[in-house]
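# Fold and contact review
Here's the letter readout for the chains.
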Amino acid sequence: QVQLVESGGGLVQAGGSLRLSCAASGIIFSIDAMKWYRQAPGKQCELVAAITSGGWPNYTDSVKGRFTISRDNAKNTVYLQMNSLKPEDTAVYYCNAVVLSTTRRNYWGQGTQVTVSS
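First, a word on scope: everything that follows refers to the structure included in this document. (Residues numbered from 1 in each chain as written. Predicted model: local features only at pLDDT ≥ 70, side-chain atom pairs only at ≥ 80, totals over all residues. Heavy atoms only, no water.)

### Points about the pattern of salt bridges
In the structure shown here, the tally under the stated rule is five salt bridges. Put simply, R38 and E46 hold a salt bridge, and the shortest N to O gap is 2.8 Å. Judged by its relative accessible area of 6%, R38 falls in the buried class. Given the relative accessible area of 27%, E46 is considered partly exposed. The salt bridge involving K64 is made with D61; its shortest N-O contact spans 3.0 Å. Residues joined in a network through salt bridges with shared partners are R38, E46, R66 and D89. (Salt bridge = Lys/Arg side-chain N within 4 Å of Asp/Glu carboxyl O. Buried < 20%, exposed > 50% of the residue type's maximum accessible area, 1.4 Å probe, protein only.)

Quick look at the structure:
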């Protein structure tokens, strides 16, 4: 029914930038808050950033001032602009959203790898 597809991950040197995208497709009537999580090897999954349907963002402390979350409701897409990347940002990044389709459900993307070299 609904799929979240991420793109934009890759390998970058410390101090560099990447922009992640997550597009929702399928039968979609509305999308609540959209979120980015990440999971580094051997660590728990961490909420990185969230944005409400009205566009209000929130960030975990470690990325404030470096990452920017935004969304395009017309395209059912959320973005994560990541600047001044650090090796500790290395992780698999997952998109998450609660979508009202034929039912209201929580959906996850497949994940995209971000690797920051020192």
